[in-house]
Amino acid sequence: MGLTVLAWGNSIGDLSTDVTLARKGLSTMAITACFAGPCFTMLAGLGSGFAALLEEEGLSRVPVSIPPSVSAGFLFLVFNGSLLMGMGSTVYGGTIKRYHSYIMFAIYGCYLMTCMALQFL
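In this report, we go over the structure that sits alongside the text. (Residues numbered from 1 in each chain as written. Predicted model: local features only at pLDDT ≥ 70, side-chain atom pairs only at ≥ 80, totals over all residues. Heavy atoms only, no water.)

### A few points about a nonpolar patch on the surface
Move 1: On the surface, a cluster of nonpolar side chains totalling about 770 Å² of accessible area is made up of Met42, Leu43, Leu46, Phe50, Leu53, Val64, Ile66 and Val70.
Move 2: It is helix α2 (residues 27-57) that provides the largest number of residues to the nonpolar patch, a total of five residues.
Move 3: With respect to the helices and strands, the residue leucine 53 is situated in helix α2.
Move 4: Its relative accessible area of 34% is what places leucine 53 among the partly exposed residues. (Patch = residues over 30% accessible without salt bridge, like charges linked within 9 Å, V, L, I, M, F, W, Y side chains within 5 Å. Areas by Shrake-Rupley, 256 points an atom, 1.4 Å probe, with all protein chains shown as cover. Salt bridge = Lys/Arg side-chain N within 4 Å of Asp/Glu carboxyl O. Helix = DSSP H or I, 4+ residues; strand = E, 2+ residues; numbered from the N terminus. Buried < 20%, exposed > 50% of the residue type's maximum accessible area, 1.4 Å probe, protein only.)

Given below as structure tokens:
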């Protein structure tokens with residue numbers, strides 16, 4: 001459920017803002033927001049959550065296990081980011097072609113299928 005419904009619900013505001021920025025010609029700002037928003041959420045959200053848990057429980061450390069779906073998500077994110085930066089900055093000289101958006105949707109589809117396979121296998 002966190003892989004789809006919760007993730008989409010959490011990201012719909014960012015999606016709307018990023019699409020609006022891109023349509024207004026502020027593509028650099030839209031791309032920056034795509035990375036800065038989730039980065040802030042992961043760093044500040046996890047940091048404050050762990051700090052509160054450790055303070056409340058009186059612990060100095062807490063055991064953490066990373067499920068395979070999170071590892072897969074990280075790998076797909078790195079792959080997509082590398083592809084985006086490589087294609088946009090070197091191959092196409094600072095532009096991103098229209099078909100690259102379809103490549104990103106395909107990568108997301110592969111990510112979802114991979115995570116579902118990891119969940120049920």
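### What to know about α2
Move 1: Over its 31 residues, α2 extends 44 Å from the first C-alpha to the last, a length consistent with the 45 Å expected when each residue adds 1.5 Å.
Move 2: Alanine 33 marks where α2 bends most, by close to 25°.
Move 3: With its phi angle positive at about 70°, glycine 58 sits one or two positions after the end of α2. (Expected span 1.5 Å × (residues − 1). Bend = angle between axes of the 7 residues up to and from the residue.)

### Focus: the packing of aromatic side chains
Move 1: Within this structure, the stated rule accounts for two aromatic pairs.
Move 2: With 6.0 Å between their ring centres and 40° between their planes, tyrosine 108 and tyrosine 111 make a pair best called tilted. Taken as a pair, tyrosine 108 and tyrosine 111 lie in helix α4 (residues 99-120) at a separation of three residues, close to a single helical turn.
Move 3: A network of ring pairs unites the aromatic residues Phe76, Tyr108 and Tyr111 as a single cluster. (Phe/Tyr/Trp six-rings, centres within 6.5 Å; stacked < 30°, edge-to-face > 60°.)

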